[in-house]
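Spelled out, the chains give:
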Amino acid sequence: MGFRLPGMFTAKQGAEAKNVPKGYLAVYVGEAQKKRFVVPISYLKNPSFQHLLSQAEEMFGFDHPMGGLTIPCTEEAFIDVTSSLNRS
């Protein structure tokens, strides 16, 4: 099961999971089980998304256990933030 929001999508399983389109960034989100999302790099300049990045920095520093950017929040909180960015 996945969520489809304009400008954001969950990564596919298998060989395609490592491919991230140009202009996008892969992030892992969730508390117990991590889900991989691919978001536009334009989100990086948004204050709400930067707040999520600050939380990641405080928790993980530059050592992200998933091998990619891990954001320590619930999927629901992440989707709320990115949904508001899609409406902007």
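See above for the structure.
Presented here is an overview of the structure given in this document. (Residues numbered from 1 in each chain as written. Predicted model: local features only at pLDDT ≥ 70, side-chain atom pairs only at ≥ 80, totals over all residues. Heavy atoms only, no water.)

1. Brief notes about the overall build of the chain
Phase 1 of the analysis: Across its full length, the chain holds two helices and five strands.
Phase 2 of the analysis: Walking the chain from its N terminus toward its C terminus, one meets helices and strands in the order β-β-β-β-α-β-α.
Phase 3 of the analysis: In the chain, which comprises 88 residues, the share counted as buried stands at 38%.
Phase 4 of the analysis: Of the contacts formed within the chain by residues at least 6 apart in sequence, a portion of 55% connects residues at least 24 apart.
Phase 5 of the analysis: Counting only carbon and sulfur atoms, one obtains 54% of the accessible surface of the chain, whose full area is about 5,700 Å². (Helix = DSSP H or I, 4+ residues; strand = E, 2+ residues; numbered from the N terminus. Buried < 20%, exposed > 50% of the residue type's maximum accessible area, 1.4 Å probe, protein only. Contact = heavy atoms within 4.5 Å. Areas by Shrake-Rupley, 256 points an atom, 1.4 Å probe, with all protein chains shown as cover.)

2. Examining the pattern of salt bridges
Phase 1 of the analysis: Applying the stated criterion across every chain, the model contains one salt bridge.
Phase 2 of the analysis: Of the charged contacts in the structure, one is a salt bridge between Glu75 and Lys35, with a shortest N-O distance of 3.8 Å. Highlighted residues: Glu75 in helix α2 (residues 75–87) and Lys35 in strand β4 (residues 35–40), separated in sequence by 40 residues.
Phase 3 of the analysis: Relative accessible area serves as the criterion here: at 21%, Glu75 is assigned to the partly exposed category.
Phase 4 of the analysis: Its relative accessible area of 18% is what places Lys35 among the buried residues. (Salt bridge = Lys/Arg side-chain N within 4 Å of Asp/Glu carboxyl O.)

3. What to know about the packing of aromatic side chains
Phase 1 of the analysis: According to the stated counting rule, one finds three aromatic pairs in the structure shown.
Phase 2 of the analysis: Grouping aromatic residues by their ring pairs yields a cluster made of Phe37, Tyr43, Phe49 and Phe78. (Phe/Tyr/Trp six-rings, centres within 6.5 Å; stacked < 30°, edge-to-face > 60°.)

4. Regarding the nonpolar core
Phase 1 of the analysis: Val27, Val29, Phe37, Phe49, Leu52, Ile71 and Phe78 are the most contacted members of the largest nonpolar core, which totals 14 residues.
Phase 2 of the analysis: Within the residue set of this core, elements represented by two or more residues are β3 (24–29), β4, α1 (47–60), β5 (69–71) and α2.
Phase 3 of the analysis: A per-element tally of this core places α2 first, with four residues.
Phase 4 of the analysis: Once residues lying within four places of it in the same chain are set aside, the contact partners of Val27 are Lys35, Arg36, Phe37, Leu69, Ile71 and Phe78. (Core = buried A, V, L, I, M, F, W, Y, C linked by side-chain atoms within 4.5 Å.)

5. Examining the pairing of β4
Where a strand is regular, its side chains alternate between the two sheet faces.
Phase 1 of the analysis: By the criterion of burial, β4 is predominantly enclosed, with six of the six residues buried.
Phase 2 of the analysis: The turn joining β3 and β4, which pair antiparallel and follow one another in sequence, is formed by five residues; a positive phi near 135° is taken by Gly30. (Pairing = 2+ DSSP bridges.)

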